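# Coordinates in review
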Amino acid sequence: MVVAIVGATGLVGRTMARVLEERQVPVSEIRMLASARSAGSVVPWKGDNVTVAEITEQAFDGVDVALFSAGGVASKHWAPIAASRGCVVIDNSSAWRMDPDVPLVVPEVNAADVHNRPKGIIANPNCSTIQLVVALKPLHDEYGLRRVVVSTYQSVSGAGQKGVDHLQAELAGRVAESRISSHPLAYNTVFHSFPESSEWSEEEVKMMRETRRILHLDSLPIVVTCVRVPVLGAHSESVAVETIRDFTISDVRSLLTSSPGIVVLDDPSHDVYPTPVQAASTDPVYVGRLRRDPSVERGMLLWVVADNLRKGAATNAVQILEVLQ
């Protein structure tokens with residue numbers, strides 16, 4: 001395949017290139033594309049460096065799949081142009097996620113949806129949504145979901161290089177030149193941005209809407225609180241699930257262990273449970289702290305951790321590409 005990466009110089013774009021190489025996707029030609037400001041820089045590819053070109057309409061000619069991670073504004077403009085030139089667009093921004101003519105896909109959950117793409121665009125979900133639905137899918141299939149309550153503990157790399165620079169500057173005792181919050185990140189917790197006059201952050205709204213859409217559960221009762229924590233990479237989630245049918249924790253553990261994309265680490269008495277450090281630079285969704293919720297009749301609690309740059313963005317996009325092969 002001829003593959004283009006749009007936004008190739010960013011954290012996710014560079015990770016997309018690395019994941020394509022690691023997974024040995026059959027790429028005959030790679031095109032690294034970015035804005036005029038980033039054109040001329042280089043991105044590593046198979047032991048060499050590929051020079052980044054400026055995005056143009058002609059840059060998509062002959063491209064089979066274009067992986068986009070250039071932000072919502074760029075995606076709104078360039079994704080339809082790329083699709084019109086004959087390539088399938090897999091977009092990592094939030095621009096297309098709720099468009100009814102654009103499938104929102106996590107391959108372990110709803111891979112078949114990739115084949116219904118009237119606009120030639122497939123949306124990559126929000127990073128926190130991806131790891132959540134990978135864990136929820138087998139539970140839904142086996143027991144049915146009655147209600148889901150989630151609290152996130154999200155790393156600063158979810159806000160891109162700017163978030164990483166903000167935290168590292170403060171940890172080094174410097175004033176951060178670029179910031180993702182008016183509050184300090186070091187030794188602190190902060191919330192994501194809030195639309196004006198809203199009691200829900202944008203991240204919380206995304207997770208609730210996207211989870212329903214990916215699972216094809218339009219009326220699923222789900223509530224989310226999203227928190228940014230002073231961790232460089234990998235997101236963690238505390239998830240409380242109420243099911244329709246009863247379960248045993250032993251059966252849940254076996255079910256999740258045999259489910260695609262999941263690694264169960266669940267022996268807390270021996271300090272075995274998922275952590276962001278373990279998840280960093282890996283692709284699975286890690287699940288642990290499995291236990292019954294004694295406050296409801298059919299409730300369980302689980303802890304879900306995944307690398308937000310890989311499974312939460314780049315790896316999921318490459319897995320979508322693999323479904324298209």
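Preceding block: the structure.
Residues numbered from 1 in each chain as written. Predicted model: local features only at pLDDT ≥ 70, side-chain atom pairs only at ≥ 80, totals over all residues. Heavy atoms only, no water.

### Quick word on the overall build of the protein
We count it as follows: Secondary structure is summarised from DSSP: a helix means a run of H or I of at least four residues, a strand means a run of E of at least two, and numbering begins at the N terminus for each. Radius of gyration here is computed from C-alpha atoms only, and the compact-globule reference equals 2.2 Å multiplied by the residue count raised to the power 0.38. A 1.4 Å probe rolled over the protein chains alone gives each residue an accessible area, and that area as a share of the maximum for its type sets the label: buried under 20%, exposed over 50%, partly exposed in between. We call two residues in contact whenever any of their non-hydrogen atoms come within 4.5 Å of each other. All tallies of charge rest on Lys and Arg as positive and Asp and Glu as negative; His and the ends of each chain are not included. Lysine's charge is taken at NZ, arginine's at CZ, aspartate's at CG and glutamate's at CD.
From N to C terminus, the protein includes 9 helices and 15 strands. Relative to the compact-globule value of 20 Å for 325 residues, the protein shows a C-alpha radius of gyration of 20 Å, a close match. C-alpha extents for the protein along the principal axes are approximately 60 × 50 × 45 Å. When burial is assessed residue by residue, the protein has 52% of its 325 residues classed as buried. In the protein, 67% of the contacts between residues at least 6 apart in sequence involve partners at least 24 apart. Here the protein carries 30 positive and 37 negative side-chain charges, and the mean point of each set is 1 Å from the other.

### Brief notes about the sheet that holds strand 10 (residues 190–191)
What counts is decided by this rule: Each pair of strands is called paired provided DSSP finds at least two bridges between the two strands. Axes here refer to lines fitted to C-alpha atoms; in helices the fit is confined to the stretch in contact. Angles between the N-to-C directions go from 0 to 180 degrees.
Across the sheet, 7 strands lie side by side as 10-11-9-12-15-14-13; this open sheet has mixed pairing. Of all strands in the sheet, those with a lone pairing partner are strand 10 and strand 13 (262–264), marking the two edges. Helix-sheet contacts for helix 6 (residues 202–215) involve strand 9 (145–154), strand 11 (222–228) and strand 12 (235–243), and the interaxial angle to strand 11 is about 135°.

### Focus on the packing of aromatic side chains
Aromatic ring pairs are defined here through the distance separating the ring centres and the angle between the ring planes. The test is simple: Between 30 and 60 degrees the pair is tilted, below 30 it is stacked and above 60 it is edge-to-face, where a pair is any two Phe, Tyr or Trp rings, Trp via its six-membered ring, whose centres lie within 6.5 Å. Definition used: whenever NZ (Lys) or CZ (Arg) falls within 6 Å of the ring centre and also within 35 degrees of the ring normal, the charge is taken to sit over that ring.
Within this structure, the stated rule accounts for 5 aromatic pairs. Here the aromatic rings of phenylalanine 191 and phenylalanine 194 are separated by 6.3 Å at their centres, their planes lie at 75°, and the arrangement is edge-to-face. Through pairs of rings, three or more aromatic residues link up here, namely Phe60, Phe68 and Trp78. Lying across the ring of tryptophan 96, lysine 76 places its NZ or CZ 4.4 Å from the centre. The ring of phenylalanine 247 has arginine 292 sitting right over it, with the charged end atom 4.2 Å from the ring centre.

### Some points on the pattern of salt bridges
For the record, the criterion: The term salt bridge refers to a side-chain nitrogen of Lys or Arg lying within 4 Å of a carboxyl oxygen of Asp or Glu.
This structure, assessed with the given rule, holds 15 salt bridges. Here arginine 292 and aspartate 246 are joined by a salt bridge, their closest N and O atoms 2.8 Å apart. Of this pair, arginine 292 sits in strand 14 (residues 285–292) while aspartate 246 sits in the loop between strand 12 and helix 7 (249–257); the two residues are 46 residues apart in sequence, bridging distant segments of the chain. Taking relative accessible area as the criterion, aspartate 246 reaches 49% and is therefore assigned partly exposed. For aspartate 283, the salt bridge is made with arginine 310, and the minimal N-O distance between the two is 2.8 Å. Remark: arginine 310 occurs in helix 9 (residues 310–324) and aspartate 283 occurs in the loop between helix 8 (276–279) and strand 14; sequence separation between them is 27 residues.

### Describing the sheet that holds strand 7 (residues 88–91)
In spatial order, the strands read 5-2-1-6-7-8; together these 6 strands make up an open sheet with parallel pairing. Strands with a single pairing partner mark the edges of an open sheet, and in this sheet they are strand 5 (53–54) and strand 8 (121–123). When strand 1 (residues 2–6) meets strand 2 (residues 29–34), the two strands line up parallel, connected through 5 bridges. Across the sheet, valine 3 pairs through a bridge with isoleucine 30, a residue of strand 2. Against the sheet, helix 1 (residues 11–22) makes contact with strand 1, strand 2 and strand 6 (65–68), and its axis sits at roughly 155° relative to strand 1, the strand it touches most.

### Notes on helix 6
This is how the line gets drawn: Every helix has an expected span of 1.5 Å times one less than the residues it contains.
The end-to-end C-alpha separation of helix 6 is 20 Å, in line with the 20 Å expected for 14 residues at 1.5 Å each. Buried within helix 6 are the following residues: Glu203, Glu204, Met207, Met208, Glu210, Thr211, Ile214 and Leu215. In the core, the buried residues of helix 6 are packed alongside helix 3 (107–110), helix 4 (127–143), strand 9, strand 11 and strand 12. Once helix 6 finishes, histidine 216 follows within two positions and takes phi at roughly 60°, a positive value.

### Some remarks on the pairing of strand 6
For clarity, the threshold we go by: A right-handed crossover is one whose linking path, passing over the helix from the first strand to the second, runs clockwise when the strands point away from the viewer.
Alternating positions in strand 6 separate into two faces, Val65 and Leu67 on one and Ala66 and Phe68 on the other, with burial throughout. As judged from the 4 bridges shared by strand 1 and strand 6, these two strands associate in the parallel manner. Among the inter-strand pairings, alanine 4 is bridged to a residue of strand 6, identified as alanine 66. Taken together, the 4 bridges between strand 6 and strand 7 define a ladder with parallel strand orientation. Along strand 7, the bridge assignment pairs leucine 67 with isoleucine 90. In this fold, strand 6 hands off to helix 2 (residues 72–84), which returns the chain to strand 7; that crossover is right-handed.

### A closer look at the side chain of serine 155
Selection criterion: Here a polar contact is taken to be a pair of N or O atoms separated by no more than 3.5 Å, where protein atoms must pair a possible hydrogen donor with a possible acceptor and residues adjacent in sequence count only if both atoms sit in side chains.
Topologically, serine 155 is positioned in the loop between strand 9 and helix 5 (161–171). Among the polar contacts made by the side chain of serine 155, one reaches the main-chain amide nitrogen of alanine 234 at a distance of 3.3 Å. In this structure the side chain of serine 155 is engaged in a polar contact, spanning 3.0 Å, whose partner is the side chain of asparagine 308.

### Brief notes about helix 1
Within an α-helix, residues lying three or four positions from one another point in the same direction, as the helix has 3.6 residues per turn. Here helix 1 is 12 residues long and its end C-alpha atoms lie 16 Å apart, about the 16 Å a rise of 1.5 Å per residue gives. Listing the buried residues of helix 1 in full gives Val12, Gly13, Thr15, Met16, Ala17, Val19 and Leu20.

### A short note on the environment of alanine 53
Of note, alanine 53 is situated in strand 5. Given the relative accessible area of 37%, alanine 53 is considered partly exposed. Separated by 30 residues in sequence, alanine 53 and arginine 23 have C-alpha atoms that sit 24 Å apart. Those residues in contact with alanine 53 that sit more than four places away from it in its chain are Met32, Leu33, Ala34 and Ala39.

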